[in-house]
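Residue-level structural notes
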2 protein chains.
Amino acid sequence: MRQARPEEGAAKRIGRPRGRRRRAAEIADAAAQVFARRGYHGASTQEIADLLGMRQASLYYYFPSKEAALEEVCRIGVEGFVESALAIAAGGGGPAEKLTALMTAHTRPVETRADYVRVFLNERRHLPVDSRRRIGRKSRRLERIFEAVLKEGVDAGIFRSDTEPRLCTLAILGMLNGVPAWYGREKRADVDGIVAAFARLTLDGLLAAPRERGAG
Amino acid sequence: MRQARPEEGAAKRIGRPRGRRRRAAEIADAAAQVFARRGYHGASTQEIADLLGMRQASLYYYFPSKEAALEEVCRIGVEGFVESALAIAAGGGGPAEKLTALMTAHTRPVETRADYVRVFLNERRHLPVDSRRRIGRKSRRLERIFEAVLKEGVDAGIFRSDTEPRLCTLAILGMLNGVPAWYGREKRADVDGIVAAFARLTLDGLLAAPRERGAG
DNA sequence: CCTACCGATCGGTAGG
DNA sequence: CCTACCGATCGGTAGG
């Protein structure tokens, strides 16, 4: 009576309606949009369904719950960052170049997938504990990549020896994660240019010779 | 029949129960706490009332609506910043000292009134248009103070001449507003020490002599 | 401040 | 995917 469940074999997709994954991705898109605009709790599943021209109850054919949709949106929101950062850190170039590339790459998703990023940054705290922890792990992976490049620069004698990689990472990610807050209402709209300026400022600080402390 | 309404005379508080203002402040405190933890839409007026040991409906004796409570919490959330920043900018010391003081002062409310600050940062977007604009004006005032000090330093020949005050302000406020995101779960708990490190990094960047661009 | 209450909406289920 | 529907909760009002 009990058959082997076809969805368990990862590679083979037999007997499943072909559009399922695609449609689920469209729902995630719509959810990201509404979550970003209204916040998770301010968003109604009705509004998500309206965006797709489907009935509210039909969403539950694709997602078991509103929370699961938030989880998916947040997952997509982080995953891009870690992957590109990993590629940069492992690639060629010196620590200074890597750091600049890391910073530029970090802000690209803000333009490409603004809604996912915003939801990840602002709404992840409304996730249930277990999935919040799962997402948080990815976030920490990203931070560690920044720290590693910073440490690489210090060890190579390129960055100032008194650089604290952890604090510096917090500062940099603060600057960068603040971008969605003003992106869109700033006159200068070239995010890449602005982030390049951020990177220059940071590098100038990292490359500077230690100065006198406390000098008026 | 129509009497002059006593609450219109600002200085004189006659005929009003004496604890009104105080109680309203307590409600704002509780609201800030719940809004910070659950987000505005995730917060129920019931939970706020529970915190105060009063009935949910009684809240409406002090605030006309949930939105009005959010507005009050946000208003308190910004007002501290502008006032202290103004005092620093107008006070003595050079631009470098002022900038450091500005940065340290900006993070103090994060410890003192964490909930108000968090709510202002994360929930102000859920305010109705008109009050959001009112709050936004205060926010811009703060930004202009930072920009002015930065420009002061450039004009005095202290900060690098290629400093862009606007971009620099966005970077600094990004770093600083990111503090509530990691404050509490970071090992090093001395926010002042961390922010001092942020300020040093920033100053090193601002004081550095222009270097060769694009040098490998 | 409380009691009593309401209309609206919300996430989610049953069954096809 | 849809129809039909539900229990719970929510912000807010009336009247004292």
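Here's a quick rundown of the structure. These numbers come from a predicted model, not from an experiment.

**Description of the relation of the copies chain A and chain B**
Overlaying chain A on chain B yields an RMSD of 0.0 Å, the required transformation being a rotation through 180° with an accompanying axial translation of 0.0 Å. Here the transformation between the copies is reduced to the relation of a two-fold axis. Measuring from the rotation axis to each C-alpha of chain A, the shortest distance belongs to A:Gly205, at 1.9 Å. In this assembly the copies share their binding face: 100% of the residues contributing to the interface of chain A also contribute to that of chain B.

**A few points about the protein's contact with DNA strand D**
Close contacts around DNA strand D come from 15 residues, with A:Arg23, A:Ser58, B:Thr45, B:Tyr60 and B:Lys66 the closest. Close to the protein, within 4 Å, the atoms of DNA strand D are drawn from sugar and phosphate at a rate of 59%. For DNA strand D, a sugar or linking oxygen lies 3.3 Å from a polar atom in the side chain of A:Tyr62. In this structure, B:Ala43 approaches DNA strand D through a main-chain N or O atom, which is 3.0 Å from a phosphate oxygen. Residues belonging to the surface near DNA strand D are distributed by class as follows: seven nonpolar, five polar and three charged.

**Considerations on the interface of chain A and chain B**
In this complex, chain A contributes 41 residues to the contact, which on the side of chain B involves 41 residues. When chain A packs against chain B, the two sides together hide about 3100 Å² of surface, and 54% of this comes from carbon and sulfur. Put simply, chain A and chain B have eight salt bridges between them. Across the pair A:Arg188 and B:Glu164 runs a salt bridge whose closest N-O atoms are separated by 2.8 Å. Applying the counting rule to chain A against chain B returns 12 residue pairs in polar contact (both at pLDDT 80 or more). When residues of the side of chain A that touches chain B are traced back to their parent elements, those giving at least two are helix 1 (20–38), helix 5 (114–123), helix 7 (165–177) and helix 9 (191–207) of chain A. A per-element tally of the side of chain A that touches chain B places helix 9 of chain A first, with 11 residues.

Rules used throughout
Residues numbered from 1 in each chain as written. Chains lettered and ligands numbered in written order. Predicted model: local features only at pLDDT ≥ 70, side-chain atom pairs only at ≥ 80, totals over all residues. Heavy atoms only, no water. Least-squares fit on C-alpha atoms with pLDDT ≥ 70 in both. Contact = heavy atoms within 4.5 Å. Near = heavy atom within 4 Å. Polar contact = N/O pair within 3.5 Å; in protein donor to acceptor, adjacent residues only side chain to side chain. Nonpolar A, V, L, I, M, F, W, Y, C, P; charged D, E, K, R; others polar. Buried area = accessible area lost by both parts, 1.4 Å probe. Salt bridge = Lys/Arg side-chain N within 4 Å of Asp/Glu carboxyl O. Helix = DSSP H or I, 4+ residues; strand = E, 2+ residues; numbered from the N terminus.

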